[in-house]
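Letter by letter, the chains look like this.
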Amino acid sequence: DGEISMSKSQVSASDVKFVQGQQQIVIGTEPSSIGNSHDIVVQLTKVNIDDFVSIVTSQPKLEGKLNGTVRISDPFVKPFIEYDASIEEFRADNDSIGLFNALGSYDVSKSILAIKATSDNIENQLDIDGLINFKDSTENQTRLALKSDKFNISILNNYLNSIFSDIKGFANTT
């Protein structure tokens with residue numbers, strides 16, 4: 001029942017839904033606060049992240065159910081993407097992270113991804129804050145800070161198995 005209308009400079013959408021079982025993606029638009037266009041707003045409910053992440057990368061294997069909102073401001077001139085999301089039952093390479101919350105943005109014109117993420121679970125209590133500049137070819141491309149009260153380091157086995165084997169235990173940065 002939803003509708004999307006597009007021209008060279010405008011997009012409008014109303015109640016466009018994609019539903020499969022509990023998974024739901026709803027696309028709509030709202031008047032933009034920064035110009036004469038409309039912002040695209042995507043609501044995600046229990047979307048299996050492995051369905052689309054595997055298209056981009058096979059390693060690490062990421063799984064979980066994504067909930068949240070993605071807003072694309074000024075989509076035709078200078079797109080800017082903001083997201084506020086959580087991943088239930090988040091797993092990386094079959095290691096459980098638990099509930100993972102992320103808030104951030106992607107400036108398309110500058111190719112800069114900003115992220116603030118938290119996981120406050122029994123096995124993994126961590127905060128991530130940083131930037132990735134995809135146009136920067138120097139050693140400053142990625143600046144991420146990881147603060148951990150408790151982090152299950154077994155997740156590192158897939159990356160360090162040529163040096164170490166059967167990594168177990170917990171790490172913290174406090």
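Here, the structure is the one placed above.
Sequence order as written defines the numbering, with residues in each chain counted from 1. Given that this is a predicted model, residues contribute local features only at a pLDDT of at least 70 and side-chain atom pairs are listed and counted only at 80 or more, while totals for whole chains, interfaces and linings are drawn from all residues. Excluding hydrogens and water, the side-chain figures rest on all heavy atoms present in the structure.

### Considerations on the overall build of the protein
Basically, it comes down to this: Only DSSP runs of H or I covering at least 4 residues are called helices, and only runs of E covering at least 2 are called strands; the numbering of each starts at the N terminus. Accessible area is worked out with a 1.4 Å probe on protein chains only. A residue is then buried under 20% of its type maximum, exposed over 50%, and partly exposed in between. The contact rule is simple, with two residues in contact once any of their heavy atoms fall within 4.5 Å. All accessibility values rest on the Shrake-Rupley procedure with a 1.4 Å probe; residue burial counts only the protein chains present in the view. We count Lys and Arg on the positive side and Asp and Glu on the negative side, and we leave His and both chain ends out. Lys charges are placed at NZ, Arg charges at CZ, Asp charges at CG and Glu charges at CD.
A count of helical and extended segments in the protein gives 2 helices and 12 strands. Along the chain direction, N to C, the helices and strands of the protein fall in the order β-β-β-β-β-α-β-β-β-β-β-β-α-β. Counting across all 174 residues of the protein, residues that qualify as buried make up 32%. Sequence separation of at least 24 residues holds for 32% of the intrachain contacts in the protein that already meet a minimum separation of 6. Put simply, the protein shows about 11,100 Å² of open surface, and 54% of that area lies on carbon and sulfur atoms. Between the mean site of the 15 positive side-chain charges and the mean site of the 24 negative ones, the protein shows a separation of 2 Å.

### What about the layout of surface pockets?
Defined as follows: Both site types are read off a 1 Å grid over the protein atoms alone. A 1.4 Å probe that fits but cannot get out defines a cavity, while an open set with protein on both sides within 12 Å along at least five of seven lines defines a pocket; lining residues have an atom within 4 Å of a point. Grid points are joined across faces, edges and corners, and a volume is the space filled by probe spheres set on the points. Under the convention adopted here, Pro, Cys and the residues Ala, Val, Leu, Ile, Met, Phe, Trp and Tyr are nonpolar, Asp, Glu, Lys and Arg are charged, and Gly plus all remaining residues are polar.
Of the voids in this model, the largest pocket is the one considered here, and its volume is about 1,300 Å³. For the largest pocket, the lining is made up of 33 residues, of which Leu62, Ile87, Phe90, Phe100 and Ile115 are closest to its centre. Sorting the residues of the lining of the largest pocket by element identifies strand 5 (38-48), helix 1 (50-56), strand 6 (62-73), strand 7 (80-92), strand 8 (95-107), strand 9 (112-120), strand 10 (124-133) and strand 11 (142-152) as the ones contributing at least two each. Element by element, the count of residues in the lining of the largest pocket is highest for strand 7, at 6 residues. Considered class by class, the residues forming the lining of the largest pocket number 31 nonpolar, 1 polar and 1 charged.

### Side note on the nonpolar core
Where we set the bar: In plain words, nonpolar cores are sets of buried Ala, Val, Leu, Ile, Met, Phe, Trp, Tyr and Cys residues tied together by side-chain atoms within 4.5 Å.
Core analysis: the largest hydrophobic core is formed by 25 residues, its most contacted members being Ile27, Ile49, Leu66, Ile87, Phe90 and Phe100. Within the residue set of this core, elements represented by two or more residues are strand 2 (11-14), strand 5, strand 7 and strand 8. The element contributing the most residues to this core is strand 7, with 5 residues. In this structure Leu66 touches Leu44, Thr45, Lys46, Val47, Ile49, Phe52, Ala85, Ser86 and Ile87, once residues within four positions along its chain are discounted.

### Here we look at the packing of aromatic side chains
Here is the rule we go by: Here a pair means two rings of Phe, Tyr or Trp (six-membered ring of Trp) with centres within 6.5 Å. Their orientation is stacked below 30 degrees between planes, edge-to-face above 60, and tilted elsewhere.
The full count for this structure, using the stated rule, is 2 aromatic pairs. Seen from their ring centres, Phe90 and Phe100 are 5.2 Å apart, and the 35° between their planes marks the pair as tilted. Remark: Phe100 occurs in strand 8 and Phe90 occurs in strand 7; sequence separation between them is 10 residues. Side by side, Phe90 and Phe100 carry an identical accessibility label, which is buried. Between Tyr106 and Phe134 the ring centres are 6.2 Å apart and the planes differ by 70°, which places this aromatic pair in the edge-to-face class. You can see Tyr106 sitting in strand 8 and its partner Phe134 sitting in the loop between strand 10 and strand 11, a full 28 residues away along the chain.

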